[in-house]
Amino acid sequence: MKELIAAVIGVTALLVTPAWSQSPDILLINGKIVTVDDQFPTREALAIRDGRIVALGTTAEIRKLAGAKSRLIDLQGHTVIPGLIDSHMHAIRAALSFSTEVNWIGASSLAEAIGRIHQASQTMKPGAWLIVAGGWNVQQFKAQRAQSCDPFCATSPEEKRRPTQAELLAAAPNNPVYVQLGYGWVMMTPAALKALNIADDSDLPSVGKLDRDANGNLTGGISGGNNAIVALFDKLPKPNFEEQVEGTKRFFRELNRLGITGVVDPGGNNVGPEDYQAVFKVWREGQMTVRVAYSLCGDPPGAEFAELKDLTQMLPMGFGDDMLRFNGLGERIAWAMNNNNKPSDAEKQKYYEIARWAAERGMSITMHWPNEESVDQLLTIFERVNKEVPIAGLRWSIAHLNNASPESLRRMKALGMGWTVQDSLYFSGEQLRNTPAVRRQPPVVTAKEIGVPVGAGTDAHRVASYNPFTALQWFLDGKSVSGIALRGPEETPGRIDALRLYTLGSAWFSRDENKRGSLAAGKLADLAVLTKDYATVPVEEVGGIESLLTMVGGKVVYAAGPFAQLEDKLK
Ligand SMILES: [Zn+2]
């Protein structure tokens, strides 16, 4: 009988609200709603009450639900998708400096990128730092295209190169300028070097090195590994608290502009426990426009376990609410296992102890691991933990691992683990263009066949752009930023499958797939109305899609174009 009632409710709830309920707050009609719900892939209209979807159906069916106070939004045929969820974005960190950094994301020429520095120098105080903290790659600089450069434009050479110190100095003569490329290189102007007291190699942290030209003269460039650049970045002045709060609001709104309603935040370099106060304040004040599930990284080197125990003593797994929630550990658990393909037995033992402790506390773990060649080291530890404390329900995951083998994916599946996939090959894949294996990277189709939960994302904003449509286009065409096709059809998902990775797939990693990630009755009303039809637009236009109207829990957090008047004031 119970099953029968459930079945009846299941069917009717999709079309009509029960007679005893109040009428919906909002009705969206005349749309093309891509639900990512297998049962009803597309719908025309939906109704929202108290932040949740209460019904979906045809425009006529949904119109009938209108009450005197229902707000009617005519979608005018636009496509609606579930709000996008980036399952691996360093959003809390990116947000801190969003109001004070210069952003090179999406700049299609070096001239445009340097122009942004010049522009910032005009609006910021003389002496203020101009910082580009990554998020770009030389491959994105296709050509120098000035407005009126005829007759040279047609033959203008490709300019896939880094900026010179002279160019930065000319763009902003009165400000110290710092431009970081991934975690491997930095260019600074003389004022910036002077401000940080850097005159020779001994002034640099870790194994950093000042670049020299053929004549032995310093160029302003600094090279070094991950740790050198992380330490160098730490020397830069930090935005003050007010700027951090402002940056957080602005960054989340920027994500809303691109249809994002949720992120899974894996901590990261240059962000410590003290850096979470800005997002906590925005949350306390009811100003969150992106749902954030955040994990904690292990720090300081060698003493990670003690600190993780300390920080989580009063922070149980899942603590928080639908806007901000504690989501376990990662993506760095212990420095010794970070980007280390040959950890020692002692390092693995230490890691095992933390992982087992996390398992006993029901915590999720997400672990940064770039290489298939060494991932056995990690999976063996997880398998050992699993024999002692089953982890199948804990949603452990590996981030990156673009070259995951079917064997590793099967081991992950057996452990109930997921895999978060980012578009790093969009930026860096060209280096692998002569490697046949890159045709099958990342193997998301194989992962689907094996049954490993996959979430999509970007790893923004140091090493990648945060634009989800850039990543979605890359999932669909496998082309690098300069247009070189790297991936073959074998591991290329269809449109809806790619969208599913970015919605329901990502929701899995914060244990939210029953609450959001698809548009179905009972789920949170997180959605985006798009500028173009994601399902049918030519693939090369997917990357240019934006949102016209983004809702989080039924609240309009971003509105533009024909919907510009609809934006809600937050609390
Ligand atoms: Zn990572």
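Above: the structure in question.
Here we summarise the structure given alongside this text.

## Quick word on the pattern of salt bridges
For the structure shown, the criterion picks out 29 salt bridges. The residue Arg-500 makes a salt bridge to Asp-38 at a minimum N-O spacing of 2.8 Å. You can see Arg-500 sitting in helix H17 (residues 495-507) and its partner Asp-38 sitting in the loop between strand S2 (32-34) and strand S3 (42-43), a full 462 residues away along the chain. Two residues, Arg-440 and Glu-491, come together in a salt bridge whose shortest N-O distance is 3.2 Å. Here Glu-491 lies in the loop between helix H16 (468-477) and H17 and Arg-440 lies in the loop between helix H14 (424-428) and helix H15 (444-450), a separation of 51 residues in the sequence. Taken together, the shared-partner salt bridges in this structure form one network comprising Asp-322, Arg-325, Asp-512, Lys-515 and Arg-516.

## Structural notes on the coordination of the zinc ion
Around the zinc ion, the protein contributes the donor atoms Glu-331 (OE), His-368 (ND1) and His-400 (NE2), at 1.8 to 2.2 Å from the metal centre. In the primary structure, the donors to the zinc ion are separated according to the pattern E-x36-H-x31-H. Taken together, the residues His-368 in strand S17 (residues 365-369) and His-400 in strand S18 (residues 397-400) connect sequence positions 32 residues apart. Comparing His-368 with His-400, the two get one shared label, buried.

## Topic: the nonpolar core
When a protein is soluble and globular, its nonpolar side chains tend to lie buried together. Residues Phe-251, Tyr-351, Phe-382, Trp-396 and Trp-419 are the most contacted members of the largest nonpolar core, which totals 102 residues. Ranked by the residues each element gives to this core, the list is headed by helix H11 (residues 345-360), at seven residues. Discounting chain neighbours no more than four positions away, the residues touching Phe-382 are Tyr-351, Ala-355, Ile-365, Met-367, Ile-391, Trp-396, Leu-415 and Met-417. With 21 residues, the next largest nonpolar core counts Ala-107, Ala-120, Leu-181 and Trp-185 among its residues.

## Topic: the environment of Lys-348
For Lys-348, the location among the structural elements is in helix H11. Each C-alpha atom of the pair Lys-348 and Gly-182 lies 28 Å from the other, and the pair is 166 residues apart in sequence. Residues in contact with Lys-348, not counting those within four places in the same chain, are Met-337, Pro-343, Gln-377 and Ile-381.

## A closer look at the side chain of Asp-275
Structurally, the position occupied by Asp-275 is in the loop between strand S14 (260-265) and helix H9 (277-284). Buried charged residue Asp-275 carries no salt bridge. Nearest counter-charge: Lys-238, at 6.4 Å. Residues contacting Asp-275, with those up to four places away along its chain left out, are Ile-92, Leu-96 and Asn-270.

## What about unusual backbone geometry?
That bond from Gly-330 to Glu-331 is cis: its omega, 5°, falls within 30 degrees of zero. As for its placement among the helices and strands, Glu-331 is situated in strand S16 (residues 324-331). For the bond from Ala-460 to His-461, the omega torsion is 5°, close enough to zero to count as cis. Here His-461 lies in the loop between strand S20 (454-457) and H16. Look at Gln-76: it is not a glycine, yet its phi comes out positive at around 50°. Looking at where Gln-76 falls in the secondary structure, it is placed in the loop between strand S6 (71-74) and strand S7 (79-82). The backbone of Asn-197 sits at a positive phi, close to 55°, despite the residue not being glycine.

## With respect to the sheet that holds strand S5 (residues 52-57)
The sheet built from four strands is open, its strands ordered S5-S4-S1-S6 with mixed pairing. The sheet terminates laterally at S5 and S6, the two strands that pair on one side only. Looking at each pair of strands side by side, their axes are set apart by 20° on average, direction ignored. The sheet contact formed by strand S1 (residues 26-29) and S6 spans four bridges and is parallel. What sits directly across from Ile-29, in S6, is Asp-74.

Reading the values: the criteria
- Residues numbered from 1 in each chain as written.
- Predicted model: local features only at pLDDT ≥ 70, side-chain atom pairs only at ≥ 80, totals over all residues.
- Heavy atoms only, no water.
- Salt bridge = Lys/Arg side-chain N within 4 Å of Asp/Glu carboxyl O.
- Helix = DSSP H or I, 4+ residues; strand = E, 2+ residues; numbered from the N terminus.
- Donors = N, O, S within 2.8 Å, 3.2 Å for Na, K, Ca; no water.
- Buried < 20%, exposed > 50% of the residue type's maximum accessible area, 1.4 Å probe, protein only.
- Core = buried A, V, L, I, M, F, W, Y, C linked by side-chain atoms within 4.5 Å.
- Contact = heavy atoms within 4.5 Å.
- Lys, Arg positive; Asp, Glu negative; His and termini not counted.
- Pairing = 2+ DSSP bridges.
- Axes fitted to C-alpha atoms, helices over the stretch in contact; angles between N-to-C directions.

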